[in-house]
Amino acid sequence: MQIIRNCSSKLLRHKYLCQPRVYSLYYSTLKGALPPVSFKNQVPVGGLNIFSISDADKKLSLAAGYKPRPVENAYWEREERQANLPKASASSCRRGTYRMLLPPPNVTGNLHLGHALMATVQDVIARQREQLGYQVDWIPGTDHAGIATQVVVERTIAASQAKTRQELGRAAFLDEVWRWKAEKGAGIVQDLRQLGCKLNWQREYFTMDEQQAHAVNVAFERLFDEGLIHRRHSLVNWSTTLRSAISDIEVDVVDIKEPIELAVPGYEHNVLFGRIYDFAYRVVDGETLPDGSVEEIVVSTTRPETVLGDVAVAVHPLDPRYIKYRNIDQVKLKHPFRDDTIPLVFDIAVDQEFGTGAVKITPAHDKFDFELGNRHKLQPRQVFNETGHVLDEYSEFKGIPRFEARELIVNRLEEMDLLRKVRSHTMQLPICSRSKDVIEYMILPQWFLKCKDLAKDALSELHSGRLQILPPSFETEWERWLQDSRDWCISRQLWWGHQVPAYEVIDSQRNSQWVAALNETAARQKAKQLIGSEEFTLKRDPDVLDTWFSSSLLPFSTAGWPEESYKERYPLDIMQTGHDIIFFWVARMMMMGLKLTGEAPFQRILLNGIVCDAHGRKMSKSLGNIVAPQQVVQGASLESLKAGLEQSCEAGIIKPAELKTSTAGMTKMFPNGIQECGTDALRFTLMSHNIKSHFISFDVNACYTNKLFLNKIWQAMRFTLGSAKGLGVSLHQFETLEGVNLGIWDRWIIGRLAETLSVCSQSYSNYNFHLATAALKTFFYQNLCDTYLETTKTAIANHTVDAYIHVGTLTACLSWGLQAMAPYTPFVASELLQHVPLNIELKLSEYKDEKLDEEINEIVNICQNVRQIKSRNEISKRHQPHLSLFAQSTDSEGVLRRHLPQIKVLTRCEDVELELLDESEKISKQLSFFSTAGALCSFGLKVSDGLAVTAEKRDEMQLANTKKLKKLVTELQRYRMRLDNEAFQLMADKNVKTHFETKVKELEAEINSLTRLAVSS
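Since the model is a prediction, treat every value here as computed from it, not as a measurement.

Overview of the overall build of the protein
Right, on to step 1. Along the protein, the regular secondary structure elements total 29 helices and 37 strands.
Right, on to step 2. Projected onto its principal axes, the C-alpha coordinates of the protein cover approximately 110 × 75 × 60 Å.
Right, on to step 3. Relative to all contacts within the protein whose residues are 6 or more apart in sequence, the contacts with residues 24 or more apart total 78%.
Right, on to step 4. Carbon together with sulfur atoms contributes 48% to the accessible area of the protein, which is approximately 46,500 Å² in total.
Right, on to step 5. A distance of 5 Å separates the average location of the 121 positive side-chain charges in the protein from that of its 126 negative side-chain charges.

Things to note about the packing of aromatic side chains
Aromatic rings considered in pairs are described by the distance between their centres and by the relative angle of their planes.
Right, on to step 1. Applying the stated criterion to the full structure yields 32 aromatic pairs.
Right, on to step 2. Note on Tyr-98 and Tyr-134: the rings are 6.1 Å apart at their centroids and 65° apart in plane angle, and the pair reads as edge-to-face. One end of the pair, Tyr-98, is in strand β5 (residues 97–101); the other, Tyr-134, is in the loop between α2 (113–131) and β6 (135–139), with 36 residues separating them in the sequence.
Right, on to step 3. Since its relative accessible area comes to 6%, Tyr-98 is described here as buried.
Right, on to step 4. Ring geometry for Tyr-764 versus Phe-769: centroids 6.1 Å apart, planes at 70°, classification edge-to-face.
Right, on to step 5. When its relative accessible area of 11% is taken as the criterion, Tyr-764 is described as buried.
Right, on to step 6. Pairwise contacts between aromatic rings join Phe-220, Phe-224, Trp-447 and Trp-514 into one cluster.

Points about the sheet that holds strand β30 (residues 575–578)
Right, on to step 1. Pairing is parallel in the open sheet, where three strands are placed in the order β23-β31-β30. Looking at the sheet topology across the chains shown, the edges are occupied by β23 (468–470) and β30. Sheet twist, expressed as the mean angle between neighbouring strand axes with direction ignored, is 20°.
Right, on to step 2. Inspection of the sheet shows β30 paired to strand β31 (residues 604–608) by four bridges, in the parallel sense. Across the sheet, the residue bridging to Met-575 is Ile-605, located in β31.
Right, on to step 3. Running at roughly 165° to β30, helix α14 (residues 582–597) makes contact with β30 and β31 of the sheet.

Some thoughts on helix α19 (residues 700–727)
An α-helical segment advances 3.6 residues per turn. Residues three or four places apart therefore align on the same side.
Right, on to step 1. Spanning 28 residues, α19 covers 41 Å between terminal C-alpha atoms, matching the ideal 40 Å at 1.5 Å per step.
Right, on to step 2. Backbone geometry just after α19 places Gly-728 at a positive phi near 75°.

A short note on the pairing of strand β16 (residues 312–315)
Right, on to step 1. Side chains Ala-312 and Ala-314 project from β16 onto one buried face, and the interleaved Val-313 and Val-315 project onto a second face that is buried too.
Right, on to step 2. The pairing of β16 with strand β19 (residues 358–361) spans four bridges and is classified as antiparallel. Across the sheet, residue Val-315 finds its bridge partner in β19, namely Ala-358.
Right, on to step 3. Both β16 and strand β18 (residues 341–346) contribute to a ladder of three bridges, which runs parallel.

Quick word on the pattern of salt bridges
Right, on to step 1. Considering all chains together, one arrives at 46 salt bridges under this definition.
Right, on to step 2. Lys-843 serves as the salt-bridge partner of Glu-846, at 3.8 Å between the closest nitrogen and oxygen.
Right, on to step 3. Residue Lys-843 is classed as partly exposed on the basis of its relative accessible area of 29%.
Right, on to step 4. What you see here is one network of salt bridges that share partners, running through Arg-303, Glu-305, Arg-402, Arg-406, Asp-437 and Glu-440.

Topic: unusual backbone geometry
Generally, phi is negative for residues other than glycine and the peptide bonds are trans, each holding for most cases.
Right, on to step 1. Between Trp-561 and Pro-562 the backbone carries a cis peptide bond, its omega angle lying at 15°.
Right, on to step 2. Inspection of the secondary structure assignment puts Pro-562 in the loop between α13 (554–557) and β30.
Right, on to step 3. For the bond running from Tyr-570 to Pro-571, omega is 5°, close enough to zero to count as cis.
Right, on to step 4. On the secondary structure map, Pro-571 appears in the loop between α13 and β30.
Right, on to step 5. Unusually for a residue other than glycine, Ala-145 sits at a positive phi of about 50°.
Right, on to step 6. Structurally, Ala-145 can be placed in the loop between β7 (141–142) and α3 (146–161).
Right, on to step 7. In this structure, Arg-510 takes a positive phi of about 65° despite not being glycine.
Right, on to step 8. Here Arg-510 shows up in the loop between β26 (502–507) and β27 (512–516).
Right, on to step 9. Judged by relative accessible area, which is 62%, Arg-510 ranks as exposed.

Considering the sheet that holds strand β24 (residues 488–489)
Right, on to step 1. Overall, antiparallel pairing links the four strands, which are arranged β10-β9-β22-β24 in an open sheet. The sheet terminates laterally at β10 (244–246) and β24, the two strands that pair on one side only.
Right, on to step 2. In the sheet, strand β9 (residues 229–239) pairs with β10 via three bridges, with the strands oriented antiparallel. Residue pairing across strands places Ser-239 opposite Ser-244, the latter belonging to β10.

So, the side chain of Glu-858
Right, on to step 1. Structurally, Glu-858 is set in helix α24 (residues 850–872).
Right, on to step 2. The class for Glu-858 is buried, based on a relative accessible area of 19%.
Right, on to step 3. Setting aside chain neighbours within four positions, we find Glu-858 in contact with Ala-935 and Leu-936.

Some words on the nonpolar core
Right, on to step 1. One finds Phe-769, Phe-780, Leu-885 and Leu-896 to be the most contacted residues of the largest nonpolar core, which totals 147 residues.
Right, on to step 2. Here the element with the most residues in this core is helix α22 (residues 801–821); it accounts for 12 residues.
Right, on to step 3. Once residues within four sequence positions are removed from consideration, Phe-780 is found in contact with Phe-709, Ile-713, Cys-785, Leu-814, Gly-817, Leu-818 and Met-821.
Right, on to step 4. Counting 59 residues, the second largest nonpolar core, distinct from the first, contains Cys-451, Ala-559, Met-589 and Leu-594.

Thoughts on the environment of Leu-757
Right, on to step 1. Topologically, Leu-757 is positioned in helix α20 (residues 744–766).
Right, on to step 2. Separated by 18 residues in the primary sequence, Leu-757 and Ala-775 have C-alpha atoms spaced 8.5 Å apart.

What counts and what doesn't
Residues numbered from 1 in each chain as written. Predicted model: local features only at pLDDT ≥ 70, side-chain atom pairs only at ≥ 80, totals over all residues. Heavy atoms only, no water. Helix = DSSP H or I, 4+ residues; strand = E, 2+ residues; numbered from the N terminus. Contact = heavy atoms within 4.5 Å. Areas by Shrake-Rupley, 256 points an atom, 1.4 Å probe, with all protein chains shown as cover. Lys, Arg positive; Asp, Glu negative; His and termini not counted. Charge placed at Lys NZ, Arg CZ, Asp CG, Glu CD. Phe/Tyr/Trp six-rings, centres within 6.5 Å; stacked < 30°, edge-to-face > 60°. Buried < 20%, exposed > 50% of the residue type's maximum accessible area, 1.4 Å probe, protein only. Pairing = 2+ DSSP bridges. Axes fitted to C-alpha atoms, helices over the stretch in contact; angles between N-to-C directions. Expected span 1.5 Å × (residues − 1). Salt bridge = Lys/Arg side-chain N within 4 Å of Asp/Glu carboxyl O. Core = buried A, V, L, I, M, F, W, Y, C linked by side-chain atoms within 4.5 Å.

Without other data, these values stay purely geometric and don't point to any function.
So, in structure tokens, the structure goes:
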């Protein structure tokens, strides 16, 4: 363990750090680079401990510019060589183990940006924990994704073999899925590796491998034997295309505002939705009205095709339109298509504002109706079969698809003079996210897990404080789901997945019972004990388990459960995933972990937002805005993007109908393709967002900008290496900056480094990684490269004593800064850190100087104002600009005089003059351009005759200064109003009042200066 000496605990939360791995094998992106050299003769220069270096060792071993591909290739080559070296002793870092689990991506395709975000977040956490000395155990794996995979493989088979899975047969179909999985699973693993993830690949799992299958079967058996799993007929989300129940997360709800035709699988023509139908139920033995018509109750429905299964009509008991029926024992209504009657029932759940206030009740095909039917003990009547066709018992419409039956039924109602009105109506249409079919609610036999007590235990983890959810706003979501937790339908009518380990036992009397067992032999033994006889038949349930069931076991099943050895690798230290699956996966992991192990699977949950495109739109095939991480990393032409869509269509991943819209959307989003950005830029861009935001807008252009930012750091390293070579020293020989007589700007930049490291440390504790990336970008880009490095060039070029100090300071900043960057940009950081020592001694706390920070910031602000004037007026070096600074006071003059050499460099002026603001008010006539630059000074620029200062340019300058003056006056008024406010004077502390008073004086001085300069012009 490396002890970082004299490192302030305020800057780094831990004093003892496990030093990032130092490679003993050298590899550079520059071909033919020399291996590392040794130094013998120590020569003290300017107080720095450095060594001399021979001329033979002076070649610069870093490529001319940052290119992601060779840098990443070099990284992997080093990784491969490092893997073959003897392993370091595990006892070198005794912090313990830090455990994480990567949410398993589905095997249905390559990694998308949502996966990349989660993987990068966890990799940053893993790398930071390694830096702190933990042994990170981060488990990778892939999910079999039952429905999603089966749908894609079915499309692939249909496209390549023109067969359905039923025609192929279950065994042959499963062989095809396993082949497809082997191909796609390998691609996902490769994508994760290329992203730089430090996963423990030795523990890689697949949710249907032997260990996971055994854990799933054991969990089912134990829960069944405890009475928590049972089989019953219940209403489920049914996809007639998939012929399977699906989970709520696989149902997309489409809001329909007006009548619209939508494509529905299995129908040649689009189906119209967004209408409500009013039709009449005639009251049996009802009154004959004065006009001769029969008494009737008109109901409103958006689903007239289900009228065949109506078992009642319901109204609100307080609805005045139906109050007269309250005093009648039984009100019977004549069913229009069946030779029977249905009752009128009263229920407070009925919405009086919906349609006529009377609703038809079809418990077999509607959630609301199912619950109401249970309350009133109404017997459901099924209308459709599993493929969505009308059942044979309704002879007039038998075998007709449900939405075709709708039109026929409406026509028949009109013929029977029962149809009263058809009008537009807003509605919510449930769509299967996999098949795009309209969900049909069906009552079918399914397996259910009782969740009430499990949910109560999961809630107690939060309420007791043992569980932390970040961001905390999702605590209410956790409570909402678990407080209203219902039985979980865990069976699916698919072929791909874990087959339910339950066997139906039918005795000699044809009585049916169920047992759960790991295999048929064990099932027979259980069946024999159950019925006390050997006369029975045994049949395994052909259904498979919900994918979420196997996923809910992962924290302990991947650790080896049900073997006792799992306790060595359980629980996890953190669970990080997307907020959209907090209930479907995270809460269920908590419930199953507590139930099956007696211990929570994790005590901290970190949730990230959903990745959207640059415009904040959800990524979808129809918009053509889906971007794969590798397309960002490697770059992609528009032609290759289109070709990728075509390949997805051929593979059955997207439908032919979606190809055209996807291609159009892709062309609009990326008319020139996607530029190569590299993995580091992708990772840095993803982490530049607040991952805890609900939505994260990813912009490819921002990613490319970050590639240029990394090149900026690369060039800073080249400059530092070149400077050291010119001075005859090696960067690796800088050991300490302690006792060195650093200049003002040297101390300032190390102070900025200290502040940056402090922000980085804090960001890990609260997972505000975007604050760390912002701080690092500000430090490297603005502080180090654009400011400090520029101020060192004169001394380095002249080989002064200060030059050695500057190079040493640059080396320390690059070393410590790149180590802080390493978790975010591991490839470029690893490459550049080879060129600097990793443990330069620094008392960082000594360099935190707020007064110096403020002073340098003022100077930098002045230089920025000057450069803006130069840029606006196209003033370059050839115009020989001369800068005049007019100090507001003698104190200001003293501050400015200390920094004149730096101001000259940073403003890129021929020379700089400094004086107090002239009372004669004639100064500005000698100047071509002028303005103010904060509280310290105003300034003017004089240029050579080569630049004509036209009247137009003077007018532009006057306009700019007028706008500036207005802004300053507005700001001054705001500060004065606060100072004049009595409540402010009573409540504000002394420091705040002093700040406001100082700001008023500064603004008044700047306004006065700008006014005087403008008048004298």
